[in-house]
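Read off the chains here:
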Amino acid sequence: MGVIEIRGLEFLACHGVLGFEKVKPQRFIFDVDLQTDFFPALSDDINCTVNYAEVCALLEKECAKSRSLIEKLALECAFRIMEEYPSVSRIKLRCLKPDAPVKQKFASVGVTVELERVKAYLSLGSSSGDREGYIKKALSLLGATRGISVEKVSAFLETEPYGGVAKNKFINCAACVVTFLPPHALLDEIHRVEKECDRVRDKKWDDRTLDIDIIFYGDKVIRDETLIIPHRDYRNRDFVKIPLASIAPHLID
């Protein structure tokens, strides 16, 4: 692996909170680190690496087309690079605003965005309504979500209800997605997909149209009030382990 570095890339653009910032151009300076595999470039073919001139042109285009907060500008630029260049595994993008309207003396203000492309493993289940239909709809919605692509899906498996509350049998499957959304952003998108598939959060472990759990997110370990990764109970759930083993037999917790 290697890092392509872009430093001090400067554009005039209109971004900011104040009215005049949306019409009067000011300087924006970008520093970008792109982590990618250099070995294909041993062929000396520019098409086998990330063309930094194209990246600079992409940033110039993104900087020119919107009127937004600097945070949104930086995130949009990072998203566009990750979308355009699948070989980039990680990006760190810094956007500086040296002429920001601040009364105090300062060198610059700015923001930094970091995104990483990872494989996440999901468990999907449904025990209410058109069970297979809901899972297929969920996979389609996930694949259409910005920053998520569905790479592998296991066969569907009918299983007995788990937890002592639900009464109907479940249809379950596992999916591997490639994403550069941060873990909590991925969770937010999953909740949106569940809602679009008529999920109602009423009684825990009750029958439901759709349930999606994040089992693994790369090699991250997360423990907070909203998200636990690896999923704390997956080891006790054959309806998770069996489909997951079929698409990732060599995966190690």
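To be clear, the structure that these remarks concern was listed above.
Note that this is a predicted model, so its numbers are computed, not measured.

1. Some thoughts on the packing of helix H3 (residues 131-143) against helix H4 (residues 183-196)
Relative orientation of the contacting elements H3 and H4 amounts to 140 degrees, with a least axis distance of 10 Å. The angle between H3 and H4 places the two elements in the oblique class. Between H3 and H4 lies a crossing whose hand is right-handed. Residues Lys 137, Ala 138, Leu 141 and Leu 142 of H3 touch H4, and the partners they reach there are Ile 190, Arg 192, Val 193 and Glu 196. Across the contact of H3 with H4, the residue classes break down as five nonpolar, no polar and three charged.

2. Quick notes on helix H2 (residues 70-84)
End to end, H2 covers 21 Å across 15 residues, agreeing with the expected 21 Å (1.5 Å per residue, within 8%). Considered for burial, the residues of H2 that qualify are Ile 70, Leu 73, Ala 74, Cys 77, Ala 78, Phe 79, Ile 81 and Met 82. Packing partners of the buried residues in H2 comprise strand S2 (26-36), helix H1 (52-65), strand S3 (90-97) and strand S4 (109-116).

3. Focus: the side chain of Ser 127
Looking at where Ser 127 falls in the secondary structure, it is placed in the loop between strand S5 (118-126) and H3. Reaching out from Ser 127, the side chain makes a polar contact with the side chain of Asp 207 at a distance of 2.9 Å. Excluding residues that lie within four positions of it along the chain, Ser 127 makes contacts with Asn 168, Lys 169, Phe 170, Asp 207 and Arg 208.

4. Section: the pattern of salt bridges
Side-chain pairing between opposite charges can occur once the charged atoms of the two side chains come close. Taken as a whole and judged by the stated rule, the model has 23 salt bridges. Asp 33 is the partner of Arg 7 in a salt bridge, and the nearest nitrogen-oxygen pair spans 2.7 Å. Here Asp 33 lies in strand S2 and Arg 7 lies in strand S1 (residues 2-13), a separation of 26 residues in the sequence. Taking relative accessible area as the criterion, Asp 33 reaches 21% and is therefore assigned partly exposed. When the shortest N-O distance is used, the salt bridge between Lys 220 and Glu 116 registers 3.1 Å. Within this pair, whereas Lys 220 is found in the loop between strand S9 (211-217) and strand S10 (222-223), its partner Glu 116 is found in strand S4, the two being separated by 104 residues in sequence. Take Lys 220: its relative accessible area is 32%, and that puts it in the partly exposed class. Residue Glu 116 is classed as partly exposed on the basis of its relative accessible area, which comes to 24%. Several salt bridges converge on common partners, so that one network encompasses Glu 62, Lys 65, Glu 76, Arg 80, Glu 83, Glu 84 and Arg 146.

The rules behind these values
- Residues numbered from 1 in each chain as written.
- Predicted model: local features only at pLDDT ≥ 70, side-chain atom pairs only at ≥ 80, totals over all residues.
- Heavy atoms only, no water.
- Axes fitted to C-alpha atoms, helices over the stretch in contact; angles between N-to-C directions.
- Helix = DSSP H or I, 4+ residues; strand = E, 2+ residues; numbered from the N terminus.
- Parallel < 35°, antiparallel > 145°, perpendicular 65-115°, else oblique.
- Left-handed = near helix turned anticlockwise from the far one by under 90°.
- Contact = heavy atoms within 4.5 Å.
- Nonpolar A, V, L, I, M, F, W, Y, C, P; charged D, E, K, R; others polar.
- Expected span 1.5 Å × (residues − 1).
- Buried < 20%, exposed > 50% of the residue type's maximum accessible area, 1.4 Å probe, protein only.
- Polar contact = N/O pair within 3.5 Å; in protein donor to acceptor, adjacent residues only side chain to side chain.
- Salt bridge = Lys/Arg side-chain N within 4 Å of Asp/Glu carboxyl O.

None of the figures reported here should be taken as evidence of function without further support.
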